Amino acid sequence: MDYDDKIEEIKKLQSQGYKYEKKPSLVINNFFMLITIVMVSTVILIYVNFIKPSQDKEKHEALKAKQHKEYLELRKKQIALSHKLNKIEINGTK
């Protein structure tokens with residue numbers, strides 16, 4: 001009889017599955033792991049949406065300013081050449 005009770009108890013345990021309480025340290029580690037994942041995700045989103053576009057914008061503005069400066073220098077040379085040629089034409093016709 002005692003043997004049959006043990007068999008029934010084993011079958012009952014197998015049907016219920018193995019249940020155990022989580023250790024407090026495991027719960028705390030899971031919490032900190034979730035916090036870490038959220039923080040890293042937030043940092044990545046902030047970098048992609050705010051920091052990277054502003055860096056690209058600064059590079060674009062610097063390039064645009066450099067091109068404008070080069071254009072102004074070229075234009076200044078063209079104006080100087082035009083004045084020089086106009087002087088030659090005016091002096092040559094008189």
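Everything that follows concerns the structure shown earlier in this document.
Computed from a prediction, not measured in an experiment: that's the story for all the values here.

Colleague: Is there a simple way to explain the overall build of the chain in this structure?
Modeller: When you go through the chain residue by residue, the secondary structure sums to two helices and zero strands. Looking at the chain as a whole, 0% of its 94 residues are labelled buried. With the model as given, the accessible surface of the chain reaches about 9,700 Å², and the carbon-plus-sulfur share is 64%.

Colleague: Please clarify how the packing of aromatic side chains should be interpreted in this entry.
Modeller: The geometry of two aromatic rings is summed up by the distance between their centres and the angle between their planes. Per the counting criterion, the structure on display carries one aromatic pair. Each ring, one from Phe 31 and one from Phe 32, has its centre 5.5 Å from the other, and the planes form 65°; the classification is edge-to-face. Classification of Phe 31 by relative accessible area gives partly exposed; the value is 48%.

Colleague: It is not clear to me how the pattern of salt bridges should be interpreted in this structure. Could you clarify?
Modeller: Two side chains with opposite charge may pair up if their charged atoms get near one another. By the definition in use, this model includes one salt bridge. Close ionic contact of Lys 52 with Asp 56 constitutes a salt bridge, the shortest N to O distance being 3.9 Å. Separated by four residues within a single helix, Lys 52 and Asp 56 lie in helix α2 (residues 24–93), roughly one turn from each other. Take Lys 52: its relative accessible area is 35%, and that puts it in the partly exposed class.

Colleague: What exactly am I supposed to notice about a negative patch on the surface here?
Modeller: A contiguous patch of negative charge on the surface is contributed by Asp 2, Asp 4, Asp 5, Glu 8 and Glu 9. Here Asp 5 is to be found in helix α1 (residues 2–16).

Scoring rules and cut-offs
- Residues numbered from 1 in each chain as written.
- Predicted model: local features only at pLDDT ≥ 70, side-chain atom pairs only at ≥ 80, totals over all residues.
- Heavy atoms only, no water.
- Helix = DSSP H or I, 4+ residues; strand = E, 2+ residues; numbered from the N terminus.
- Buried < 20%, exposed > 50% of the residue type's maximum accessible area, 1.4 Å probe, protein only.
- Areas by Shrake-Rupley, 256 points an atom, 1.4 Å probe, with all protein chains shown as cover.
- Phe/Tyr/Trp six-rings, centres within 6.5 Å; stacked < 30°, edge-to-face > 60°.
- Salt bridge = Lys/Arg side-chain N within 4 Å of Asp/Glu carboxyl O.
- Patch = residues over 30% accessible without salt bridge, like charges linked within 9 Å, V, L, I, M, F, W, Y side chains within 5 Å.
- Lys, Arg positive; Asp, Glu negative; His and termini not counted.
- Charge placed at Lys NZ, Arg CZ, Asp CG, Glu CD.

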